Amino acid sequence: MAIERISGKPFNEFMSERVFQPLALKTAQFADVKDIIPRKATLYSRYIPDASRFEFMERNGDGILSEHQMWIVPSLYPESVRAGAGLVMNALDLAKFDAALSAKALLNAHTLETMWAPVELSGGRIGDYAAGWRRWTEKGHVIVGHAGGSGVEYDRMNNGHYSVILLTDCPGTNVHAFALGILRLYVPDL
């Protein structure tokens, strides 16, 4: 809402003009299961959407069982949540986005530092999030990232040397553990 009020443009249009087009992210767009996008992966889940998974049923309606005995997850992302959900792009465009952050081509160093700075909560405790990014420290290394409910993870070390991007089609996969394991291959003391 803040972006729309300040820019005077719909969020999708603002993102296209200010981020997707300048970085040549040709596949980046906001979408959900109802949008037809060539080569977009279907989301699957190993859990059965039954009474114990009321939230799944409430948000997404009846699940559909695939031929592989996994439930197809019909995720819906209305425009009201698209600032935090429903962004889709291919792996190459996601790598371009990460490279632009590292090169400070999208945001300058001061903005990145501000965006990734720890947030002090009431009572003086430091929060786990920084301007929408999850932020944590592992053995002295600061890592920022974001996980999607669809089994994706994007983590980058704050020094900008390493990023790990995992894309799966199975919500419930522990992509955070995978990403940390990959980072440890390159930063053994992590």
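Residues numbered from 1 in each chain as written. Predicted model: local features only at pLDDT ≥ 70, side-chain atom pairs only at ≥ 80, totals over all residues. Heavy atoms only, no water.

A. Seen up close, the overall build of the protein chain. Tallying secondary structure elements over the protein chain gives six helices and 10 strands in all. Split into buried and exposed, the 190 residues of the protein chain put 33% on the buried side. Sequence-distant contacts, at least 24 apart, represent 42% of the contacts inside the protein chain between residues at least 6 apart. Within the structure as shown, the protein chain displays about 12,000 Å² of accessible surface, and the carbon and sulfur contribution to it stands at 56%. (Helix = DSSP H or I, 4+ residues; strand = E, 2+ residues; numbered from the N terminus. Buried < 20%, exposed > 50% of the residue type's maximum accessible area, 1.4 Å probe, protein only. Contact = heavy atoms within 4.5 Å. Areas by Shrake-Rupley, 256 points an atom, 1.4 Å probe, with all protein chains shown as cover.)

B. Region of interest: a nonpolar patch on the surface. The grouping of Tyr162, Leu185 and Tyr186 at the surface amounts to a nonpolar patch, some 350 Å² of accessible area in total. Turning to its location among the elements, Tyr186 is positioned in helix H6 (residues 175-186). The class of Tyr186 is exposed, set by a relative accessible area of 53%. (Patch = residues over 30% accessible without salt bridge, like charges linked within 9 Å, V, L, I, M, F, W, Y side chains within 5 Å. Salt bridge = Lys/Arg side-chain N within 4 Å of Asp/Glu carboxyl O.)

C. Spotlight on the pattern of salt bridges. One pass over the structure, following the stated rule, counts six salt bridges. Among the salt bridges present, the one from Glu17 reaches Lys9, with a minimum N-O distance of 2.4 Å. Residue Asp93 is joined to Lys96 by a salt bridge in which the shortest nitrogen-to-oxygen separation is 3.7 Å. With Asp93 and Lys96 both in helix H4 (residues 91-102) and three residues apart, this pair spans about one turn of that helix. Put simply, Arg134, Glu153 and Asp155 are held in one network by salt bridges that share partners.

D. Seen up close, the sheet that holds strand S9 (residues 152-157). What the five strands build is an open sheet, ordered S6-S7-S8-S9-S10; its pairing is antiparallel. Each end of this open sheet is capped by a strand with a single partner; those strands are strand S6 (129-130) and strand S10 (163-167). Judged from the six bridges that link them, strand S8 (residues 141-148) and S9 form a sheet pairing that is antiparallel. Among the inter-strand pairings, Ile143 is bridged to a residue of S9, identified as Met157. Sitting on the sheet, H4 is in contact with strand S7 (133-138), S9 and S10, with an inclination near 25 degrees to S9. (Pairing = 2+ DSSP bridges. Axes fitted to C-alpha atoms, helices over the stretch in contact; angles between N-to-C directions.)

E. Fine view of the layout of surface pockets. If you add up the space inside the second largest pocket, you get close to 250 Å³. Every residue lining the second largest pocket is counted, 11 residues in all, and those nearest its centre are Met1, Glu4, Phe11, Glu79 and Ser80. Listed by contribution, the elements that provide at least two residues to the lining of the second largest pocket are helix H1 (2-7) and helix H2 (11-20). In terms of residue count, the dominant contributor to the lining of the second largest pocket is H1 (three residues). Tallied by class, residues from the lining of the second largest pocket come to six nonpolar, two polar and three charged. (1 Å grid on protein atoms, 1.4 Å probe; cavity = no way out; pocket = protein on both sides within 12 Å on 5 of 7 lines; lining within 4 Å. Points joined across faces, edges and corners; volume = space filled by probe spheres on them. Nonpolar A, V, L, I, M, F, W, Y, C, P; charged D, E, K, R; others polar.)

F. Fine view of the environment of Met157. Tracing the backbone through its elements, the reader meets Met157 in strand S9. As for Met157 and Val187, which are separated by 30 residues in sequence, their C-alpha atoms are 10.0 Å apart. Ignoring any residue separated from it by four or fewer positions in sequence, one finds Met157 in contact with His141, Val142, Ile143, Tyr162, Leu183 and Val187.

G. Main features of the confidence of the model for the protein chain. When the pLDDT values of the protein chain are averaged, the result is 80; 79% of them are 70 or greater. Of all helices and strands in the protein chain, the one with the weakest mean pLDDT is helix H3 (residues 54-60) (44), whereas H2 scores best (94). A low-confidence stretch, residues 50-61 (pLDDT under 50), is modelled with 17 contacts involving residues beyond four sequence positions or located in other chains. (pLDDT = per-residue confidence, 0-100.)

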